[in-house]
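# Tertiary structure, described
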Amino acid sequence: VQLVESGGGLVQAGSSLRLSCAASGRTARNYAMGWFRQAPGKEREFVATITQSGTGTNYADSVKGRFTISRDNAKNTVYLQMNSLKPEDTAVYYCASKETYSSIFLPPTASYNDWGQGTQVTVSS
């Protein structure tokens, strides 16, 4: 599975950005997708995940109410709409996927095993 992120950039606090992740090379039927981020000097952390069907989502407490994960299976693309951005959202954002046995199953965040190269998001105060 190849994952390519896009949409990062430099924005001011309070602004919005939408990240995209295009997937290719898949052989299985069901893949959960997720966004993770890594800030300088910190470990990579979970941001949001979504089931293959798109009906199930999970968010980190730090982004609930501000970020929305969605997907377009016809385009093999997952999105992360980020609103009300804060300086603490500054990080490299990574797209990840995990093959699952069901379209409605959301696997544990530690199990995601295919990763993109990341896209930088910088939020200035």
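These remarks concern the structure in this document.

Calculation criteria
Residues numbered from 1 in each chain as written. Predicted model: local features only at pLDDT ≥ 70, side-chain atom pairs only at ≥ 80, totals over all residues. Heavy atoms only, no water. Helix = DSSP H or I, 4+ residues; strand = E, 2+ residues; numbered from the N terminus. Rg over C-alpha atoms; globule rule 2.2 N^0.38 Å. Contact = heavy atoms within 4.5 Å. Areas by Shrake-Rupley, 256 points an atom, 1.4 Å probe, with all protein chains shown as cover. Lys, Arg positive; Asp, Glu negative; His and termini not counted. Charge placed at Lys NZ, Arg CZ, Asp CG, Glu CD. Buried < 20%, exposed > 50% of the residue type's maximum accessible area, 1.4 Å probe, protein only. Phe/Tyr/Trp six-rings, centres within 6.5 Å; stacked < 30°, edge-to-face > 60°. Lys NZ or Arg CZ within 6 Å of the ring centre and 35° of its normal. Pairing = 2+ DSSP bridges. Salt bridge = Lys/Arg side-chain N within 4 Å of Asp/Glu carboxyl O.

Okay, the overall build of the protein chain next. Helices and strands together make up the secondary structure of the protein chain, namely zero helices and eleven strands. In sequence order, the protein chain lays out its α and β elements as β-β-β-β-β-β-β-β-β-β-β. Computed over the C-alpha atoms, the radius of gyration of the protein chain is 14 Å, within 12% of the 14 Å expected from 2.2 N^0.38 for a compact globule of 125 residues. Excluding contacts between residues fewer than 6 apart, the proportion of contacts in the protein chain whose partners are at least 24 apart in sequence is 60%. Carbon and sulfur atoms make up 45% of the accessible area of the protein chain, which totals about 6,400 Å². Distance between charge centroids for the protein chain: 5 Å, based on 12 positive and 9 negative side chains.

Another point: unusual backbone geometry. Of note in this structure, asparagine 76 is not a glycine but carries a positive phi near 50 degrees. Within the element layout of this structure, asparagine 76 appears in the loop between β7 (67-72) and β8 (77-82). What makes asparagine 76 partly exposed here is its relative accessible area of 36%. Although it is not a glycine, serine 84 sits at a positive phi angle of roughly 50 degrees. In this structure, serine 84 sits in the loop between β8 and β9 (91-99). Judged by relative accessible area, serine 84 falls into the partly exposed class, the value being 40%.

Applying the stated criterion across every chain yields a total of four aromatic pairs. Between tyrosine 101 and phenylalanine 105, the ring centres sit 4.9 Å apart and the planes meet at 35 degrees, which makes this aromatic pair tilted. Taking relative accessible area as the criterion, phenylalanine 105 reaches 29% and is therefore assigned partly exposed. Ring pairs connect the aromatic residues Phe36, Phe46, Tyr112 and Trp115, which therefore count as one cluster. Looking at arginine 26, its charged tip hangs above the ring of tyrosine 31, at a distance of 4.5 Å from the centre. Taking NZ or CZ as reference, arginine 44 lies 3.7 Å from the ring centre of tryptophan 115, over its face.

Both faces of the sheet carry side chains from a regular strand, because those side chains alternate between them. As paired strands, strand β4 (residues 31-38) and β9 are joined by eight bridges and run antiparallel to one another. Among the inter-strand pairings, arginine 37 is bridged to a residue of β9, identified as tyrosine 93. Sheet topology places β9 next to strand β10 (residues 114-115); two bridges connect them, and they run antiparallel. Pairing of serine 97 across the sheet is with aspartate 114, part of β10.

On to the pattern of salt bridges, then. Applying the stated criterion across every chain yields a total of four salt bridges. Close ionic contact of glutamate 45 with arginine 37 constitutes a salt bridge, the shortest N to O distance being 2.6 Å. By relative accessible area, glutamate 45 is classed as partly exposed at 37%. Of the residues examined, arginine 37 reaches a relative accessible area of 5% and is grouped as buried. Residue lysine 64 is joined to aspartate 61 by a salt bridge in which the shortest nitrogen-to-oxygen separation is 3.2 Å. A relative accessible area of 48% means that lysine 64 is categorised as partly exposed.

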